[in-house]
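# Per-entry structural report
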Amino acid sequence: MAVHGPGDDWTAAWQPLRDLVGHDIDPPGTVFGPDRVEAGAIRRLTEVLELDCPLHHDEQAARAHGRPGVTAPYTSVWSYAFAPVWEPGDAGAFPDDGRNALPRTSPMQSETFPSAPPTTHIFATNTSYEFVRPLNVGERVGITGRRLISCTPKETRVGRGAFVRVGRRFLTEAGEEVCRVELETYLYNPRSEDRGRPMTDPADERANKLATVEGTAASPPWPSPSEAEVGRSLQPLDFPLPVYRLVMAAGATRDLAPLHHNDDFARASGAPSMYANALFLLGMWERALRDFIGPAGEILAIRDLRMVRFAAAGSTVRVQGKVVRRRAEPGRLVLEVELRSTVDGVLNVGPGLGVVALPR
């Protein structure tokens, strides 16, 4: 990594990409994932989340709640769209027997941007999902190309690069939209110092600590969602993160980036150790919402899943939420739930928003 002097305008290298904001940066069309939704993949994800909603494993219960059959968790949609590491006809995926060798190709290594300056590392920092419906067993999902929403160069504690936000849509083979997503990633070259520090800037630290206090007090007895008034808290959930669980999560979400199961890679990127991937953290929020609304409810959106700090191996993530808005719509009650995740009482993810609906 080059050494930059105080007068060096390193952000200028990102201007060609910034000029593409508002434009599609991929060829037109939809790229479909290799596999159809099936019960085994659903089980592996619900296993790591300990998500026992019958919609995801009980055909009869799912039909009783108006589903055509067993459905996948809403937040699993991306896992079914990832490209395979290897498929019939390919050369061997692993030409190198080194301990930390990577496959020839991986969906987690192929996130490139036209006209962007070279960077060596990437991780997701913020995602927002608008759900139309969950995927059903037997369906195959594809993802459209990226539309560039923003590109913001910034130097952080882990390195120097840019926050890049794109929008995409998930479609079935019939062309039905099931989800819209905005994904922000940080593309960067890591520092050689300050390894393992938080992802935020020092000026954000006090605000992040205050954010863990406001509105997180529990208020038992836990209300049924239809009775939950504004200000009422959801029951907090704890997710211990031993290495074993992080490996399970990598396989279940198909986010096989080595940052999430290999300490050497994680530390080289500026993290303290391997850490939970964004889809696992997103699934934690879905678990919290589903536990609250039960199988009769729908999840309409999860917004601003903002990764503030690494959820490293050996820590415990606590997910908390409170109802911040409620409104009646024809045939349903819509609740907006502020969500946040903490580690040791310090903000780790969020604060974001879950939007759910209950039948009336």
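First things first, this report covers the structure right here in the doc. (Residues numbered from 1 in each chain as written. Predicted model: local features only at pLDDT ≥ 70, side-chain atom pairs only at ≥ 80, totals over all residues. Heavy atoms only, no water.)

### Considering the overall build of the chain
A tally of helices and strands in the chain yields 7 helices and 11 strands. Taken over 360 residues, the chain has a buried fraction of 51%. Taking as baseline every contact in the chain between residues at least 6 positions apart, the subset at least 24 positions apart corresponds to 73%. Surface exposure of the chain reaches about 16500 Å², of which carbon and sulfur atoms provide 52%. (Helix = DSSP H or I, 4+ residues; strand = E, 2+ residues; numbered from the N terminus. Buried < 20%, exposed > 50% of the residue type's maximum accessible area, 1.4 Å probe, protein only. Contact = heavy atoms within 4.5 Å. Areas by Shrake-Rupley, 256 points an atom, 1.4 Å probe, with all protein chains shown as cover.)

### A look at the packing of aromatic side chains
Counted according to the given criterion, the structure contains 10 aromatic pairs. Between W78 and F170, the aromatic rings sit 5.3 Å apart at their centres with planes inclined by 70 degrees, giving edge-to-face as the arrangement. Of this pair, W78 sits in the loop between α3 (59–64) and β2 (121–131) while F170 sits in strand β5 (residues 159–172); the two residues are 92 residues apart in sequence, bridging distant segments of the chain. In this structure F170 comes out as buried when scored by relative accessible area, which is 0%. A network of ring pairs unites the aromatic residues F123, F163, Y186, Y188, Y275 and F310 as a single cluster. Sitting over the face of the ring of F113, R146 holds its NZ or CZ atom 4.6 Å from the ring centroid. (Phe/Tyr/Trp six-rings, centres within 6.5 Å; stacked < 30°, edge-to-face > 60°. Lys NZ or Arg CZ within 6 Å of the ring centre and 35° of its normal.)

### As for the pairing of strand β8 (residues 298–306)
Both faces of the sheet carry side chains from a regular strand, because those side chains alternate between them. In this structure, β2 lies alongside β8, joined through 4 bridges in antiparallel fashion. Residue pairing across strands places E130 opposite A301, the latter belonging to β8. In this structure, β8 lies alongside strand β11 (residues 346–359), joined through 5 bridges in antiparallel fashion. Counterpart to I302 in the pairing with β11 is G354. (Pairing = 2+ DSSP bridges.)

### Considering unusual backbone geometry
The step from G350 to P351 runs through a cis peptide bond, and the omega angle for that step is -5 degrees. Within the element layout of this structure, P351 appears in strand β11. In this structure, E50 is a non-glycine residue whose phi angle is positive, near 55 degrees. Considering the arrangement of structural elements, one finds E50 in the loop between α2 (39–49) and α3. Even without a glycine there, the phi angle at R254 is positive, about 70 degrees. Relative to the elements of secondary structure, R254 occurs in the loop between α5 (243–253) and α6 (263–268). Residue R254 is classed as partly exposed on the basis of its relative accessible area, which comes to 33%.

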